[in-house]
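Letter by letter, the chains look like this.
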Amino acid sequence: MGIRLQFNMVHSSMNYIDFLKKGYLVKLKVVVTGATGFVGRKLCLELFKRGHDLKIVTRSEKKAKEILALPAEYVQWDGKSAFPHGTLVDADAVIHLAGESIADGRWSDERKSKIMDSRKVGTAHLVKAMNDIQNKNLALIGTSAVGIYGPRGSETLDEKSSKGNGFLSDVCEEWEKAYSPFKNRLVVLRVGVVLGHGGALEKMELPFRLGAGGQIGNGSQWMSWIHVDDLVALYVRSLENQEISGTFNAVAPNPVTNKEFTKAFSRALARPAIFPVPTFMLKLIFGEMSSVILDSQRVLPKHTLESGFTYKHPTIDSALEEIFVPEGKRGAYVFEASQWVPRPVDEVFSFFSEAKNLEVITPEWLNFHIKKMSTPTIQEGSLIDYRLKIKGVPAHWRTLIGRWSPPHMFVDEQLKGPYSLWHHTHKFEASHAGTLLEDRVIYKVPMGPIGDLVRVIMIKSDIHKIFRHRFKVVNDLFNGKRLA
């Protein structure tokens, strides 16, 4: 195991690549574009936890600060104009994720132009700026997609396979051409369908939970996928391992047909999936964009495996079980949030250890009040009774503090209340001269499919509102004043 150190503080005369080869883990300054997306959020959090310094390049500085809630340098860039050179001056690497979403509406000519230009033009501006810096140690970890192979039926494809046909294939080809002038170490990840709490699965989830899911057409089309945790690990490995360069398929080693995916999805949720979706209907609804769903690509990560990468979730069952059966709770939902504050971990944990402060960080519209506690202070085994209102309807909630490990973690579990399951893990980690707070809530709603529908209409947004309020209150309290 190496020691994570700031390179310049240790040996200013040694090239940092040589320093890495000697077994040390270097604290890098990493520029990330597209950081507020589904993958970008997970990646930035992981990079931060590994000790790296972040520079976030974004179209909206305000939005990025709210979404990421990390101590980073935030730089605004629209992707159409010259890339801000100053952002690169002291950077060690750039991870480029930015690009217009391909699944946010029918592909009009205008929309197709935006999709193409956001990758072709934006990447060209970035590469030019990186070359202009003339820093031979500045690395670029770029993104592309398996769409480059086009619809290929059951043909087995790897990194050496030829380009295919179609709009997405053309986009990916131009995208990768834009990387080619880069003069230093370059890694390009061709990403498949990313599975996790969000992204593509979020759009598929509700029909399956309602028992209305099913295969598309005859289900024979191949799907090349990857769990978001494995994708994040690939980006991190590409950043930290200076020996890695070239093009890699960022997909799991076991692609599946749509029929196999549908069965695995059904098993993970323990819900039937018996309603097939005719291909003509998708083409009618989505037009040319339906190719995202209908194209068949059987892509293998040959180069990725040869480089020694080990997958955490190599099979579709493993991936979907992790997503939809968290900690053995089949069909449960997962909500995750994180936030950094510039205060010592002991002080932050102490604040959250005071039951009265739970009222401070809860929105007023919940009318949240503590009625009684079984112990004078919060500790393992404490029972806490709350009173609150949900959409104006009075409700009672009893919580058990199941685990208590100061100053790093505690867990509260609902014993009585509006949810079928509520298991909330609070983590506190000393990081970057402050404290990183991480929340992971595993929850289920009552009334089966009806409850799942109510969650989409109301519960999901309410949970987000509650944590956004908590974020603002905690941020205001911990910035500039000490808490008792």
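Going by the structure above, here's the rest.
Keep in mind that what you see is a predicted model, and the values were worked out from it rather than measured.

### Some details on the overall build of the protein
Counting its regular elements, the protein contains 16 helices and 22 strands. In terms of C-alpha radius of gyration, the protein reaches 24 Å, essentially the compact-globule figure of 23 Å for 484 residues. Residues classed as buried in the protein amount to 50% of the 484 residues present. Summarising the internal contacts of the protein: among those between residues at least 6 apart in sequence, 69% fall at separations of at least 24.

### A few points about the pattern of salt bridges
Taken as a whole and judged by the stated rule, the model has 32 salt bridges. We note a salt bridge from K112 to E288, for which the minimum N-O separation is 3.0 Å. One end of the pair, K112, is in helix α5 (residues 109-133); the other, E288, is in the loop between α10 (279-286) and α11 (291-294), and 176 residues separate them in sequence. Its salt-bridge partner being E202, residue K460 comes within 2.4 Å of it at the nearest N-O pair. Taken together, the residues K460 in helix α16 (residues 448-478) and E202 in helix α7 (residues 199-209) connect sequence positions 258 residues apart. Overall, K460 belongs to the partly exposed group, its relative accessible area being 24%. Among the residues examined, E202 registers a relative accessible area of 42% and is labelled partly exposed. Each of K42, D229, E327, E336 and R440 takes part in a single network of salt bridges with overlapping partners.

### Section: α5
Residues lying three or four places apart along an α-helix face the same way, a consequence of the helix completing one turn every 3.6 residues. The end-to-end C-alpha distance of α5, which contains 25 residues, comes to 36 Å, matching closely the 36 Å that a straight helix rising 1.5 Å per residue would cover. With its phi angle positive at about 55°, Q134 sits one or two positions after the end of α5.

### Notes on empty space enclosed by the protein
Scanning all chains against the criterion turns up 1 cavity of 30 Å³ or more. Looking at the largest cavity, its volume works out to about 30 Å³. In this structure, the largest cavity is lined by F352, H426, K427, F428, L437, E438, D439 and R470. Only β21 (421-431) and β22 (434-444) provide two or more residues apiece to the lining of the largest cavity. Residue classes in the lining of the largest cavity are distributed as 3 nonpolar, 1 polar and 4 charged.

### Thoughts on the sheet that holds strand β4 (residues 53-58)
Taken in spatial order, the 7 strands of this open sheet run β5-β4-β3-β6-β7-β9-β13, and their pairing is parallel. Only two strands of the sheet have a single neighbouring strand rather than two, namely β5 (73-76) and β13 (246-250). With strand direction ignored, the average angle separating the axes of adjacent strands in the sheet is 20°. Helix-sheet contacts for helix α3 (residues 38-49) involve β3 (29-33), β4 and β6 (93-96), and the interaxial angle to β4 is about 160°.

### Remarks on a positive patch on the surface
The grouping of K371, K372, R387, K389 and K416 at the surface amounts to a positive patch. Structurally, R387 is set in strand β18 (residues 383-390).

About the thresholds
- Residues numbered from 1 in each chain as written.
- Predicted model: local features only at pLDDT ≥ 70, side-chain atom pairs only at ≥ 80, totals over all residues.
- Heavy atoms only, no water.
- Helix = DSSP H or I, 4+ residues; strand = E, 2+ residues; numbered from the N terminus.
- Rg over C-alpha atoms; globule rule 2.2 N^0.38 Å.
- Buried < 20%, exposed > 50% of the residue type's maximum accessible area, 1.4 Å probe, protein only.
- Contact = heavy atoms within 4.5 Å.
- Salt bridge = Lys/Arg side-chain N within 4 Å of Asp/Glu carboxyl O.
- Expected span 1.5 Å × (residues − 1).
- 1 Å grid on protein atoms, 1.4 Å probe; cavity = no way out; pocket = protein on both sides within 12 Å on 5 of 7 lines; lining within 4 Å.
- Points joined across faces, edges and corners; volume = space filled by probe spheres on them.
- Nonpolar A, V, L, I, M, F, W, Y, C, P; charged D, E, K, R; others polar.
- Pairing = 2+ DSSP bridges.
- Axes fitted to C-alpha atoms, helices over the stretch in contact; angles between N-to-C directions.
- Patch = residues over 30% accessible without salt bridge, like charges linked within 9 Å, V, L, I, M, F, W, Y side chains within 5 Å.
- Areas by Shrake-Rupley, 256 points an atom, 1.4 Å probe, with all protein chains shown as cover.
- Lys, Arg positive; Asp, Glu negative; His and termini not counted.
- Charge placed at Lys NZ, Arg CZ, Asp CG, Glu CD.

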